[in-house]
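# Examination of the molecular architecture
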Amino acid sequence: CYYSTNDQYAMRGYTDLLSHAVIDRIRHIPCIAIQGGQDKICPPDTALDLLNAWPEMELRIALQSGHSMYDAMITSEIAKATDRLAGIEY
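Let me begin by describing the structure that accompanies this report. Just so it is clear, the model here is predicted, and its values are computed rather than measured.

### What about the side chain of E77?
Among the structural elements, E77 can be located in helix α4 (residues 72–85). For E77, a relative accessible area of 10% corresponds to the buried category. Beyond its immediate sequence surroundings of up to four residues, E77 is in contact with I34 and R60.

### Some points on the pattern of salt bridges
Oppositely charged side chains may form a pair once their charged atoms are brought near each other. This model, assessed by the stated rule, comprises four salt bridges. R27 is the partner of E56 in a salt bridge, and the nearest nitrogen-oxygen pair spans 2.8 Å. A residue pair is termed long-range when its members are at least 10 positions apart, and E56 in the loop between α3 (44–53) and β2 (58–62) and R27 in the loop between α2 (20–26) and β1 (32–36) qualify at 29 residues. For E56, a relative accessible area of 47% puts it in the partly exposed group. Relative accessible area serves as the criterion here: at 22%, R27 is assigned to the partly exposed category. One salt bridge in this structure joins R60 and E77, with 3.1 Å as the shortest N-O distance. Of this pair, R60 sits in strand β2 while E77 sits in helix α4; the two residues are 17 residues apart in sequence, bridging distant segments of the chain. A relative accessible area of 35% means that R60 is categorised as partly exposed. Bridged by salt links that share partners, the residues D24, R27 and E56 form one connected network.

Criteria and thresholds
Residues numbered from 1 in each chain as written. Predicted model: local features only at pLDDT ≥ 70, side-chain atom pairs only at ≥ 80, totals over all residues. Heavy atoms only, no water. Helix = DSSP H or I, 4+ residues; strand = E, 2+ residues; numbered from the N terminus. Buried < 20%, exposed > 50% of the residue type's maximum accessible area, 1.4 Å probe, protein only. Contact = heavy atoms within 4.5 Å. Salt bridge = Lys/Arg side-chain N within 4 Å of Asp/Glu carboxyl O.

Structural data, given as structure tokens:
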């Protein structure tokens, strides 16, 4: 989140990440986004904004989780998303 709003070098050319022009460049890429429902660093409304701009994306919200990918529920969602994108069904 910090770099997306403050680092002009890393984000050069992406001044509005939610614009149609930017999203249209990646819209064709399958995406499952995982968001912690209790994330105080990147709040869930930012993921909802992205979903609104990119409705083809699947959003999974781990309601009791925060920001860490090491949280048990987030880790579980990451594993499921990775397997699903690899074509592995449960």
